[in-house]
Amino acid sequence: MLIRRPQEIPSSEITERSVCLRRREFLSRSIDAGLTAAALGAFGGLAAPSVLAGEKLPGVAKSAYVTDEELTPYESATTYNNFYEFGTAKEDPSLYAKELKTRPWSVTVEGECARPGTYALEDFLKPHALEERVYRLRCVEAWSMVIPWVGFPLGDAIKRFEPTGNAKYVEFTTLLDPEQMPGQRRPVLDWPYVEGLRMDEAMHPLTLLAVGMYGEVLPNQNGAPLRLVVPWKYGFKSIKSIVKLRFTEEQPGSTWNRTAPDEYGFYSNVNPERDHPRWSQARERRIGEFLKRPTLPFNGYADQVASLYTGMDLVNKYF
Amino acid sequence: MRTADPITVFKPLLFAAGLLPAAWLAYRALIGRLGVNPVETIEHHTGDWALYFLLITLAITPLRRLTGYGAIVRLRRMLGLFCFFYATLHFSAWLVFDHFFDVMEMAKDIRKRPYVTVGFSAFVLLIPLALTSTNGMVKRLGGGRWKRLHSLVYVVGTLVILHYLWLVKKDTYYPILYGVILVALLALRAPLFQRPRRKPAPTAAATLPAAATIGD
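Here the structure is a predicted model, which means the values were calculated and not measured.

## Observations concerning the overall build of chain B
Secondary structure assignment for chain B yields 11 helices and 0 strands. Listing the helices and strands of chain B from first to last along the sequence gives α-α-α-α-α-α-α-α-α-α-α. Within chain B, the fraction of its 216 residues that count as buried is 24%. Within chain B, contacts between residues at least 6 apart in sequence are counted, and of these 70% link residues at least 24 apart.

## What to know about helix α1 (residues 6–30) of chain B
All names here are of chain B. Its 25 residues place the ends of α1 36 Å apart at the C-alpha level, agreeing with the 36 Å of an ideal helix rising 1.5 Å per residue. Maximal helix bending in α1 amounts to about 35°, located at L20; proline P21 follows within four positions. Judged by how many residues are buried, α1 sits mostly at the surface: 1 of 25 residues are covered. At the exit of α1 stands G32, carrying a positive phi of roughly 70°.

## Considering the environment of G212 of chain A
All names here are of chain A. Mapping G212 onto the fold places it in strand β8 (residues 208–213). Along the backbone, G212 and R227 are 15 residues apart, and their C-alpha atoms lie at a distance of 9.1 Å. Here G212 is in contact with L57, V150, G151, V217 and L218, once residues within four sequence places are set aside.

## A look at the sheet that holds strand β6 (residues 169–174) of chain A
Hydrogen bonds between backbone atoms are what pair the strands of a sheet, whose relative direction is either parallel or antiparallel. Residue and element names in this part refer to chain A. In space, the 5 strands of this open sheet follow the order β3-β2-β11-β6-β7, with mixed pairing throughout. The sheet is open, and its two borders are formed by β3 (117–120) and β7 (194–198), each paired with just one other strand. Across the sheet, the mean angle from the axis of one strand to that of its neighbour is 20°, orientation sign disregarded.

## Focus: the confidence of the model for chain A
On average, chain A scores 88 in pLDDT, and the residues at 70 or more come to 84%. Note that pLDDT drops below 50 for residues 17–45 of chain A; the model gives that stretch 24 contacts with residues more than four away or on any other chain.

## Brief notes about helix α8 (residues 152–167) of chain B
Residues and elements named next belong to chain B. With 16 residues, α8 should reach 22 Å at 1.5 Å per residue; the first-to-last C-alpha distance of 23 Å fits that figure. Listed as buried for α8 are V156, G157, L159, V160, I161, H163 and Y164. Buried residues along α8 sit against α2 (38–67), α5 (114–131) and α9 (173–187).

## Brief notes about the packing of α8 of chain B against α9 of chain B
Residues and elements named next belong to chain B. Interaxial distance between α8 and α9 falls to 9 Å at its minimum, and their mutual angle equals 165°. With respect to each other, α8 and α9 are oriented roughly antiparallel. Crossing angle aside, the handedness with which α8 passes α9 is left-handed. Contacts from Y154, G157, I161, Y164 and L165 of α8 reach α9 at P175, Y178, G179, L182 and L186. Taken together, the residues of the contact of α8 with α9 sort by class into 8 nonpolar, 2 polar and no charged.

## A closer look at the confidence of the model for chain B
Residues and elements named next belong to chain B. Model confidence for chain B is summarised by a mean pLDDT of 90, while 88% of its residues fall at 70 or above. This stretch, residues 204–216, has a pLDDT under 50; its non-local contacts, to residues over four places away or in other chains, come to 21 contacts. Scored as a whole, the predicted complex attains pTM 0.83, and scored at its interfaces, ipTM 0.81.

## A few points about the interface of chain A and chain B
At the junction of the two partners, chain A supplies 16 residues and chain B supplies 13 residues. Residue composition of the side of chain A that touches chain B, by class: 8 nonpolar, 4 polar and 4 charged.

## Looking at the environment of L228 of chain A
Residue and element names in this part refer to chain A. Assignment of secondary structure puts L228 in strand β10 (residues 227–229). Put simply, L228 and L208 are 20 residues apart on the chain and 5.9 Å apart in space, counted from C-alpha to C-alpha. For L228, the residues in contact, after removing those within four places along its chain, are L154, F172, L209, S238, I239 and I242.

## A look at the pairing of strand β5 (residues 143–153) of chain A
Residue and element names in this part refer to chain A. Of all 11 residues in β5, 10 are buried; the element is thus mostly enclosed. The pairing of strand β4 (residues 131–138) with β5 spans 8 bridges and is classified as antiparallel. Its bridge partner being in β5, R133 is matched across the sheet by W149. Pairing geometry for β5 and strand β12 (residues 283–286), over 2 bridges, is parallel. Bridging from a neighbouring strand, W143 pairs with R285 of β12. Note that β5 and β8 share 5 bridges and pair antiparallel. The residue of β8 that forms the bridge with W149 is M213.

## A few points about the pairing of β3 of chain A
The side chains of a regular strand alternate between both faces of the sheet. All names here are of chain A. Pairing analysis gives 4 bridges linking strand β2 (residues 106–111) to β3, with the strands arranged antiparallel. In the strand pairing of β3, S106 is matched with A120. In this antiparallel pair of consecutive strands, β2 and β3, the connection spans 5 residues.

Quick notes on the rules
- Residues numbered from 1 in each chain as written.
- Chains lettered and ligands numbered in written order.
- Predicted model: local features only at pLDDT ≥ 70, side-chain atom pairs only at ≥ 80, totals over all residues.
- Helix = DSSP H or I, 4+ residues; strand = E, 2+ residues; numbered from the N terminus.
- Buried ≥ 20, exposed ≤ 12 C-beta atoms within 10 Å, placed from the backbone.
- Contact = placed C-beta atoms within 7 Å.
- Expected span 1.5 Å × (residues − 1).
- Bend = angle between axes of the 7 residues up to and from the residue.
- Pairing = 2+ DSSP bridges.
- Axes fitted to C-alpha atoms, helices over the stretch in contact; angles between N-to-C directions.
- pLDDT = per-residue confidence, 0-100.
- Parallel < 35°, antiparallel > 145°, perpendicular 65-115°, else oblique.
- Left-handed = near helix turned anticlockwise from the far one by under 90°.
- Nonpolar A, V, L, I, M, F, W, Y, C, P; charged D, E, K, R; others polar.

Given below as structure tokens:
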């Protein structure tokens, strides 16, 4: 019996391995031209009626806030998440956040400010130009990533709402919707998730409101459509899927702080000197590396932010 | 000729099955599919299976009493050793990936972190149990002393649950679930749940290996 060998595939038919491995990038590039043209009419594509996670964000300016450290692979940053609203396992958010509807979305601004109100997300975002910032992200669980965020300084948004002299803090709230957020059906945390910053922290130029990452619209599991990024604090301070900002005179609540005050302080600045009561914070595992590396004070942003805390005991009192 | 008894047939199958979780892990490592945080995957996977085998081992005695099927006890040593096997892998992952053989750092960790303290203690306590699991050691120690030594497994079980409970950030569902299972397995040893003792049939007793006749 004669068995024919399959014909050789001409090399011109074979997709280059590197292209094949980056197929989502390749795909998005291929349709980029069309998409950009369609989206450019509106603000950065975000005002378009159907904004999909992963859609390319056009017109993003580069910024000086970058690190030359190797970026965490997109795949890792979008499948290894703490977003308890969708479950407590790391892969839960990427599995269950697909259902989250991020349009229509509105953000309520209230408390000590001259211009409170409920703003459609499109209006909330419209005045701001988007820029890319590459930040280190340090989780309180002692792992870390390097992520290119797309967003704008929180301070710029805050100025628009004209906080009064009484506004000493800003409180943020995540969407409460157990229908869409299956993790909220179990009382793991006291829902909705809330976080807070002191006003000077909120106004600090490093503090970012992000709408995208890796040049694309935020995937739902990473906190779409609008999240906070405070790179010198543990990741849980960077609240996701924000629906409310409130200016307060008193220090606002913070979900993890309320849950376990001795383990998670209101400030929660990255601090290798202050261990979590149950584990060390001196070292961290950068995702993609096997051995741990030393953790830097303020996650390596000490030069920019350490002065905010002059004279404060960051180990025993204001941790 | 005697027909092969089911346990004799089942034992090699169980041995192969016990290796599967390790093989699965090795396979995933080989093809680079240990997930985003491979060290965490290794540590959780080996820790989970050490715990599963511990609970399965502790289930043998209640099962035997409830079913009256005595021969099942002959699986217990292998199950216990699988627990030790996975615990050793778990400990090794911590040794290599978390501390890279830095003895001072490990000592600090053990002293300072309660979840490490109890986890490490549980592992240390498993060592004498594994070492005295051979027939020879059972004979040398004598049934009573062997039994007393091996009741350490109850301490190990408790420490392991604490280890799990103290290391999770907030969601205590699984540690509590396994804690409840452990308590249930220990409670089933209470006299309340025991069948009236029957005299073992002399032929059955004669075919049991020494290690299997020891125990409760």
